[in-house]
Amino acid sequence: MLNWKRYRPVDWALVAVAAFMPFLPLVDRNGGHINVLVNAGIYMMLAIGLNIVVGFAGLLDLGYAAFFAIGSYTYAMVASPQFGLHFPFWPMIVISAFVAAIFGIILGAPTLRLRGDYLAIVTLGFGEIVPQTFLNLQHLTGGPNGISAIDQPRIFGYHFGLNPVPYYYLVLVLMAFSLIFANNLRTSRLGRAWMAIREDEIAAAHMGINTTTAKLAAFALGASFSGLSGVVNASLLTLVSPDQFKFNVSITVLSMLVLGGMGSLPGVVVGSALLSILNFFILPQASNLVATVGLHIDFTQYRFMLYGIILVAIMLFKPEGLWGSEQRKAELKAEEPAVQAAENLAYEDIPRETV
Amino acid sequence: MAFFALKNVTKAFGGLVAVKDVSYEIERGQIAAMIGPNGAGKSTAFNLVTGLYVPTSGEIEFDGRSIAGEKPDHVCRLGIARTFQNIRLFAFMSAVENVMAGCHVRMGALLWDSLLHTPKHKAEEKAVREKALDLLKFVGLERHADDYAHNLPYGHQRRLEIARALASDPQLLLLDEPAAGMNPREKEDLMDLIRAIRDRGTTVFLIEHDMGLVMNISEKIAVLDHGEKICEGTPAQVRADARVIEAYLGKSA
């Protein structure tokens, strides 16, 4: 049911921007800009996937880049001269999503009993193990050199080459589907079960929710989105290597969620768009700009310092994120009075003691 | 065979025996209670029934099958629902969503239905929302359907927990201190509600400290002290039992 009054001007602005996106390449013919947006789209799909695990189900995953790596390598191994296999691109999108989902279950299963910090540490470990494995399985993955000359997609005889525009439309379509699927999940039996587990796992189990299957479904579905973006990533770069999937990718995606608002789909879109544009456009441009006046500062080197500053600022001024969910806002608001009361108590106690 | 039975159930945590050789039978359609001083093992007994703990020894039978050691979600599926002593609602879900979450186990939407919002999903969501609103009405919270559980007053939260438990269509409802923190007026309403639940065909098994409430509505009471059942009978029998008076008031000089 649509309730028009619930929409604010800023909601309409997001809809307008989204509606304009298909026409952007007609207006902006700068391939560099389009390329930035393709990369932003790849990260956005990762963020949508991670949001299912962290935002919806409340399972903090610090090794999400592992699934991105699995998706990318799945396509790279069967569509490159590596083994002389040249599987077509389109079915591989779905197959890679499935492969990533299966690894989501494999990596999720041992963590089922863990919560909070413990879960985060174990997933961090997985995030390190997977690229290391790809690094060391030389005969399969090409080791540190990775796999190159990966096939690019073809559609109706048209070959995606160096032109980023077809990739732009590909990413746009995949993202639209990802958003629809993620939103469907959120407002469904499974989404409600995730929410219940996030709120109170023991109570959820007593209400008949099988927490094992629900959590595994979150890991699997979350991972499947990074399978999608992995395929696009591999075919776009025509090269995969282990260093593309380091810890900083997991942290970047998580930062996007924190910036935009965990659990909120508009928040995920806004957060990933902002950080991607900062990362792929503003920082390189700023470096170029200062170079014209004779300064040689590579601002992209300061990327993680900037993320840190942004995250601290968000935590201080808008902890629910730029576009946080109503739920998250209420949760944070509810925590405040308790803190306030505790502080009041502490202050009240001091004079009595000293007088 | 009884509808529900604890048979010589023992639960030990290391050297501490929280529940010791307790047997208790409840017939279908009864309102049965378990009372006892703090730390007597009442909540542990509930946790054994719902599968949070596995009994060290003994059997738990429900509707003709043994359920000891089953997982909580499976126990719920079999038809036992519960509330918690220290309210465990889904704090930042609305009242109606809390109850809808309680319907989870009676729903059939699969992953595909959730992902694609199939007609099956749509029909089921609609039916479940109606059922949840009906249950909210039944416990008197229809005006608070869209409020976060966290924002409801204490008495309402207790009622919401009952509605959420009823959403799984239980045959047996376990209420863990449902009257805790309620004022006398709310307790009166609660007694009416518990009777109404029984009249819907759900057997009620409650733990309670409030003697007025227990003596008033229970048909059968078991008294626990230090993990052992010291007495069982009708309210009148229990009230007159010397061991019960001793457990609550101490030995007379």
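Residues numbered from 1 in each chain as written. Chains lettered and ligands numbered in written order. Predicted model: local features only at pLDDT ≥ 70, side-chain atom pairs only at ≥ 80, totals over all residues.

Engineer: I tried to follow the overall build of chain A on my own but got confused; where do I start?
Structural biologist: On a plain count of helices and strands, chain A comes out with 15 helices and six strands. In terms of overall size, chain A behaves like a compact globule, its C-alpha atoms giving a radius of gyration of 22 Å where 355 residues would be expected to give roughly 20 Å. Viewed in the frame of its principal axes, chain A has a C-alpha envelope of about 80 × 55 × 45 Å. Counting every position in chain A, which comprises 355 residues, the buried fraction comes to 46%. Nonlocal contacts in chain A, meaning residues at least 24 apart in sequence, comprise 78% of its contacts between residues at least 6 apart. (Helix = DSSP H or I, 4+ residues; strand = E, 2+ residues; numbered from the N terminus. Rg over C-alpha atoms; globule rule 2.2 N^0.38 Å. Buried ≥ 20, exposed ≤ 12 C-beta atoms within 10 Å, placed from the backbone. Contact = placed C-beta atoms within 7 Å.)

Engineer: Explain the sheet that holds strand β8 (residues 203-207) of chain B to me, please; I cannot follow it from the model alone.
Structural biologist: Residues and elements named next belong to chain B. Strand order across the open sheet formed by six strands is β6-β7-β8-β3-β9-β10, with mixed pairing between neighbours. Sheet topology places β6 (80-82) and β10 (228-233) at the edges, where each strand pairs with a single neighbour. Shown here is a sheet whose adjacent strand axes are inclined to one another by a mean of 20°, direction ignored. Sheet topology places strand β3 (residues 31-35) next to strand β9 (residues 220-225); four bridges connect them, and they run parallel. In the sheet register, Ala-32 faces β9, and the bridge partner there is Lys-220. Against the sheet, helix α1 (residues 42-49) makes contact with β3, β6, β7 (172-176), β8 and β9, and its axis sits at roughly 150° relative to β7, the strand it touches most. (Pairing = 2+ DSSP bridges. Axes fitted to C-alpha atoms, helices over the stretch in contact; angles between N-to-C directions.)

Engineer: How should the interface of chain B and chain A be read in this particular structure?
Structural biologist: Note on interface size: it is often stated as the accessible area lost on association of the parts. Listed by partner, the interface residues are 30 residues for chain B and 26 residues for chain A. When residues of the side of chain B that touches chain A are traced back to their parent elements, those giving at least two are α2 (72-78), α3 (95-102) and α4 (111-116) of chain B. Grouping the constituent residues of the side of chain B that touches chain A by class yields 16 nonpolar, eight polar and six charged. (Nonpolar A, V, L, I, M, F, W, Y, C, P; charged D, E, K, R; others polar.)

Engineer: Looking at this structure, how should I read the packing of helix α8 (residues 164-186) of chain A against helix α11 (residues 211-237) of chain A?
Structural biologist: When two helices pack together, their arrangement is given by the angle between the helix axes and by the axis-to-axis distance. Residues and elements named next belong to chain A. One way to put it is that α8 packs onto α11 with a least axis distance of 12 Å and a crossing angle of 180°. With respect to each other, α8 and α11 are oriented roughly antiparallel. Across the interface between the two elements, Tyr-167, Leu-170, Val-171, Leu-174, Ser-178 and Leu-185 of α8 pack against Leu-221, Phe-225, Leu-228, Val-232 and Leu-236 of α11. Looking at the contact of α8 with α11 residue by residue, the classes come out as 10 nonpolar, one polar and no charged. (Parallel < 35°, antiparallel > 145°, perpendicular 65-115°, else oblique.)

Engineer: Which parts of the structure should I look at to understand the pairing of strand β1 (residues 4-13) of chain B?
Structural biologist: Note on strand geometry: in a regular strand, side chains alternate between the two faces of the sheet. Residues and elements named next belong to chain B. Judged from the seven bridges that link them, β1 and strand β2 (residues 16-26) form a sheet pairing that is antiparallel. Note on β2: the bridge partner recorded for Ala-5 is Glu-25. Hairpin connection of β1 to β2: two residues between the antiparallel strands, including Gly-14 at a positive phi of 60°. Note: β1 against strand β4 (residues 57-62), five bridges, orientation antiparallel. Looking at the pairing, Lys-7 lines up with Glu-59 of β4.

Engineer: When you look at the environment of Leu-289 of chain A in this model, what are you seeing that I'm missing?
Structural biologist: All names here are of chain A. Mapping Leu-289 onto the fold places it in helix α13 (residues 265-292). A tally of 12 C-beta atoms within 10 Å means that Leu-289 is categorised as exposed. Each C-alpha atom of the pair Leu-289 and Gln-152 lies 33 Å from the other, and the pair is 137 residues apart in sequence.

Engineer: Just to check I follow, could you spell out the confidence of the model for chain B for this structure?
Structural biologist: For residues with low pLDDT, the predicted coordinates do not support detailed interpretation. Put simply, chain B has an average pLDDT of 93, and 99% of its residues get 70 or more. Both scores are given for the predicted complex: the pTM is 0.90, the ipTM 0.92. (pLDDT = per-residue confidence, 0-100.)

Engineer: Looking at this structure, how should I read the sheet that holds β1 of chain B?
Structural biologist: The strands that make up a sheet are held in pairs by hydrogen bonds between backbone atoms, and each pair lies either parallel or antiparallel. Residues and elements named next belong to chain B. If you trace the four strands from one edge of the open sheet to the other, you get β2-β1-β4-β5, paired in antiparallel fashion. Each having just a single partner strand, β2 and β5 (65-66) make up the two edges of the open sheet. The strands touched by α1 are β1, β2 and β4; relative to β2, the strand with the most contacts, the crossing angle is about 70°.

Engineer: Whenever I open this one, the packing of helix α3 (residues 31-56) of chain A against α8 of chain A confuses me. Can you help?
Structural biologist: All names here are of chain A. Here α3 crosses α8 at 20°, and the two axes come no closer than 9 Å. In terms of their interaxial angle, α3 and α8 are classed as roughly parallel. Relative to α8, the crossing made by α3 is left-handed. (Left-handed = near helix turned anticlockwise from the far one by under 90°.)

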